[in-house]
There are 2 protein chains.
Amino acid sequence: MPTKTVRTAKPAASAASEPTAPVAATAPRRAAERIRQTAGELFYREGIRAVGVEEIVHSAGVTKPSLYRSFPSKDELAAAYLRDFDAGFWRRFEAPAAEHPGDPRGHLLAYMEALARRAGRDGYRGCGLTNATIEYPDRNHPAHQVAAANKRALRERLTALCTAMGAADPAELADGLLLLLEGSYASSQTFGTGGPVRALVATATRLIDASLAAKPG
Amino acid sequence: MPTKTVRTAKPAASAASEPTAPVAATAPRRAAERIRQTAGELFYREGIRAVGVEEIVHSAGVTKPSLYRSFPSKDELAAAYLRDFDAGFWRRFEAPAAEHPGDPRGHLLAYMEALARRAGRDGYRGCGLTNATIEYPDRNHPAHQVAAANKRALRERLTALCTAMGAADPAELADGLLLLLEGSYASSQTFGTGGPVRALVATATRLIDASLAAKPG
DNA sequence: TGACAGTGTTACCGATCGGTACGTACCCTG
DNA sequence: CAGGGTACGTACCGATCGGTAACACTGTCA
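Small disclaimer: the values here were computed from a predicted structure and weren't measured.

Engineer: I would appreciate a short explanation of the protein's contact with DNA strand C in the present structure.
Structural biologist: The immediate surroundings of DNA strand C are formed by 17 residues, with A:Thr63, A:Ser66, A:Arg69, B:Lys64 and B:Tyr68 found nearest. Within the contact set of DNA strand C, a base oxygen lies 2.8 Å away from a side-chain nitrogen or oxygen of A:Arg69. Interatomic distance of 2.9 Å between a backbone N/O atom of B:Lys74 and a phosphate oxygen of DNA strand C. Going through the elements one at a time, α3 (64-70) of chain A together with α3 (64-70) of chain B are the ones with two or more residues in the surface near DNA strand C. Grouping the amino acids of the surface near DNA strand C by side-chain chemistry returns 8 nonpolar, 5 polar and 4 charged.

Below, the structure written as structure tokens:
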């Protein structure tokens, strides 16, 4: 019984896996998973550089060696966080498609509506991937690479959607919409509710409609 | 005899102020100024958190105490850097007004054209103020406050310009344009030349024209 | 029962972080 | 020449950074 500042007694909120936990409970089960989740929350909320590994392991209720058994370095942990974020992003991005089959315009606008709602909420910190490219401008950094790959994929996806909706210049419209999205991510961190993102859907709508109406060739 | 890695012998490149420097030359003249300029370049290029004070003073050819005589802390030095950036921003933003008197639309589009040109160049790292809000999400941080103030002012200035150009809903148009600007700052760091910013002017033009044409009331 | 994978514990590493106490060379004023 | 303020450098501080070594313990599965 070490009993040096009872750490394990604190995280009462995360009681969801063990039913009343009768056993020894020294091992909180799945250290790597807890690290990944905790690091994700901290990295997103405070920024990657601002969070030390010590804070991560403490907050996750594990120890440093456990972290380094699962991740070769903090940089790679950051990259893992961004891969998780990437997966979550695509889930959010593609989710509205189900309600708008064969309607790329509706799909896109529905995503934007949800984004505008999310961006107004407390604790919104923009896109973790965009933030990472700013925190790590070095293109060789693993975190930067994961983030950049996501952005390239998003650009392609947007172009495909714009093509599908019959835009006169799909690439240009896609880039315009990408600017709006990135602008929403960034500006919603400075302005809280009532920020520029409130104009996102209206602006995108106007832009799409104007682009569809533009005569081709 | 300390002589642990001869630092002072290295910075031979910064010879630009003293003409052949016949005198003692121990003091490179105006330490505070050199610090401010060097810190500005480093902070912008690599990010504020990524740059230590040691690197700043070494790169500026001065010493740490000199830095702390002119600036109470690194955080305040960062705030000073952002105030300089703010001044530079407004210079760039208002410069095109001279060539477009009484033409807010032309003024704004000219700024965007210049921005698109700059954003394509090597070493472009977006808006230092936006980057700072991401590096320091804490609203109480001096760097965050300077940056946030700039963004609020920009939003107001854009609204004024949109009002002047007779937009049906100036606030909405201003917010849409602000999204485009912030999106340009952010995305130009991931994508080099040929990034989404190439659509900035065309998108803004389309958006402005569509907003002017919209029937009021 | 025994091997094993995964974890916690403790203690530590060198490097770097932001920041400072203190001495010194200069220049301007008397 | 004396004196004092200004500007600077040398050397150092404690704290924290990311990362590691060595060992004890626990539960699972064969």
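Engineer: Can you walk me through the packing of helix α6 (residues 128-135) of chain A against helix α7 (residues 142-164) of chain A in this structure?
Structural biologist: Geometry of a packed helix pair, given as the angle between the helix axes and the separation of the axes. Residues and elements named next belong to chain A. Two elements in contact, α6 and α7, have axes separated by 8 Å at closest approach and are oriented at 130°. One finds that α6 runs oblique with respect to α7. The interaxial crossing formed by α6 with α7 has left-handed handedness. Residues Leu129, Thr130, Ala132 and Thr133 of α6 form the contact with α7, whose own contacting residues are His144, Val146, Ala147, Ala148, Asn150 and Lys151. Taken together, the residues of the contact of α6 with α7 sort by class into 5 nonpolar, 4 polar and 1 charged.

Engineer: I keep staring at the interface of chain B and chain A and nothing clicks. Help me out?
Structural biologist: Contacts between the two partners involve 46 residues from chain B and, on the opposite side, 46 residues from chain A. Of the roughly 3800 Å² buried where chain B meets chain A, counting both sides, 66% is carbon and sulfur surface. Across the chain B-chain A interface, the total number found is 4 salt bridges. For the salt bridge of A:Glu172 with B:Arg206, the shortest nitrogen-to-oxygen distance reads 3.0 Å. Taken together, the links from chain B to chain A amount to 10 residue pairs in polar contact (both at pLDDT 80 or more). For the side of chain B that touches chain A, the secondary-structure elements that each account for two or more residues are α1 (31-46), α6 (128-135), α7 (142-164), α8 (170-190) and α9 (200-213) of chain B. Across the side of chain B that touches chain A, the residue classes break down as 18 nonpolar, 15 polar and 13 charged.

The rules behind these values
- Residues numbered from 1 in each chain as written.
- Chains lettered and ligands numbered in written order.
- Predicted model: local features only at pLDDT ≥ 70, side-chain atom pairs only at ≥ 80, totals over all residues.
- Heavy atoms only, no water.
- Near = heavy atom within 4 Å.
- Polar contact = N/O pair within 3.5 Å; in protein donor to acceptor, adjacent residues only side chain to side chain.
- Helix = DSSP H or I, 4+ residues; strand = E, 2+ residues; numbered from the N terminus.
- Nonpolar A, V, L, I, M, F, W, Y, C, P; charged D, E, K, R; others polar.
- Axes fitted to C-alpha atoms, helices over the stretch in contact; angles between N-to-C directions.
- Parallel < 35°, antiparallel > 145°, perpendicular 65-115°, else oblique.
- Left-handed = near helix turned anticlockwise from the far one by under 90°.
- Contact = heavy atoms within 4.5 Å.
- Buried area = accessible area lost by both parts, 1.4 Å probe.
- Salt bridge = Lys/Arg side-chain N within 4 Å of Asp/Glu carboxyl O.

Any functional reading would require information that these geometric values do not contain.
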